[in-house]
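Examination of the molecular architecture
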Amino acid sequence: MLKRYLALTLASAAFFALAAPHAVRAAQTAPAIDAFNASFAQVTSYTFKLHSHETKGTDVQDRVYDYSFLKPHFAKTLIESGANKGSGGVWNGGDQVSGHQGGLLSGIHLKVDLHDGRATSLRGYTIPDGLPQNIIATYANVKGALTQTPGGKIGGVDTDLLDLKVADPAGNGGVSEQKIWLSQASHWPLRQIFYAGTTVVLDQSFTDYNLNAGLTQNDFPF
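Our subject in this report is the structure included herewith. On a predicted model such as this, the values are computed, not experimentally measured, just so you know.

Where helix H2 (residues 31-41) is concerned, the buried positions are Ala-32, Ile-33, Phe-36, Ser-39 and Phe-40. Taken end-on, H2 shows its buried residues confined to a sector of 130 degrees, consistent with a single buried face. In this structure, H2 carries Pro-31 and Ala-41 as exposed residues pointing more than 90 degrees from its buried face.

Let us now look at the pattern of salt bridges. Enumeration over the complete set of coordinates arrives at seven salt bridges. Between Lys-49 and Asp-66 there is a salt bridge, and its shortest N-O distance comes to 2.6 Å. Placement of Lys-49 in strand E1 (residues 45-56) and of Asp-66 in strand E2 (residues 59-70) is noted, with a sequence separation of 17 residues between them. Exposure remark for Asp-66: the relative accessible area of 23% places this residue in the partly exposed category. For Asp-203, the salt bridge identified is with Arg-191, shortest N-O distance 2.7 Å. With a gap of 12 residues between them, Asp-203 in strand E11 (residues 199-210) and Arg-191 in strand E10 (residues 189-196) connect regions that are remote in the sequence. Residue classification places Arg-191 among the partly exposed positions, given a relative accessible area of 31%. If you follow the salt bridges from partner to partner, you end up with Lys-49, Asp-66 and Glu-80 in one network.

Turning to the environment of His-187, a few remarks are in order. Along the chain, His-187 falls in the loop between strand E9 (177-183) and E10. Sequence separation between His-187 and Thr-159 is 28 residues, and the spatial gap between their C-alpha atoms is 8.3 Å. For His-187, the contacting residues outside a window of four places in its chain are Ala-35, Phe-36 and Leu-182.

Another point: the nonpolar core. One finds Tyr-46, Tyr-139 and Leu-162 to be the most contacted residues of the largest nonpolar core, which totals 37 residues. Taken together, the elements giving at least two residues each to this core come down to H2, E1, E2, strand E3 (74-82), helix H3 (132-141), strand E8 (157-166), E9 and E11. If near-sequence neighbours (up to four positions away) are discounted, Leu-162 is found in contact with Ala-30, Ala-32, Ile-33, Tyr-139, Leu-146, Thr-147, Gln-148, Gln-178, Lys-179, Ile-180 and Leu-182. Within the second largest apolar cluster, five residues are counted, among which are Leu-70, Phe-74, Val-90 and Leu-215.

Rules of the game
Residues numbered from 1 in each chain as written. Predicted model: local features only at pLDDT ≥ 70, side-chain atom pairs only at ≥ 80, totals over all residues. Heavy atoms only, no water. Buried < 20%, exposed > 50% of the residue type's maximum accessible area, 1.4 Å probe, protein only. Helix = DSSP H or I, 4+ residues; strand = E, 2+ residues; numbered from the N terminus. Arc of directions from axis to C-beta. Salt bridge = Lys/Arg side-chain N within 4 Å of Asp/Glu carboxyl O. Contact = heavy atoms within 4.5 Å. Core = buried A, V, L, I, M, F, W, Y, C linked by side-chain atoms within 4.5 Å.

Next comes the structure, spelled out in structure tokens:
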């Protein structure tokens, strides 16, 4: 009986030893990701502008978003220009967004699902999808081949380029390749491009960072 128990135990241990690498996949990493995470850890709140060009089929959307974020999970956007200019939303970490339209209706706030079409971009990206820490997390967590190379200069700033060849584009919104350029000075993203095959479906620039914004929860009325 003891021999049988030991045999079963060893067999089970061997099975889990083989199965474990497939059951739990460690996040991909790169020096630029580590540098960003170290910088982000020192930041309590920040603001920036996100210049976003998206395509979906024959549809095109160009917007500039004013973004604000306060740890651990408060985010706010205002569409500065582009479709639905003047509209904005606040997210408090849950599955809803408190939003308003622009113009005369700006005083009317509605709470809608995070993925409601009124609260997302053309390609369905949500408010938290546009936060730099969540963007960088996709390069660590989306399965594929990740490389880092020098990215040249953007606005006179030296950059690191992360290039992710996605293993399962269908499970990644049809995006087969993601590229992001991070400042070698601040380690925060400056530009990002998504491809579906050879077609650019997302082109974003990140400007006007304030990494010491001094925001409070009062800045995120929900």
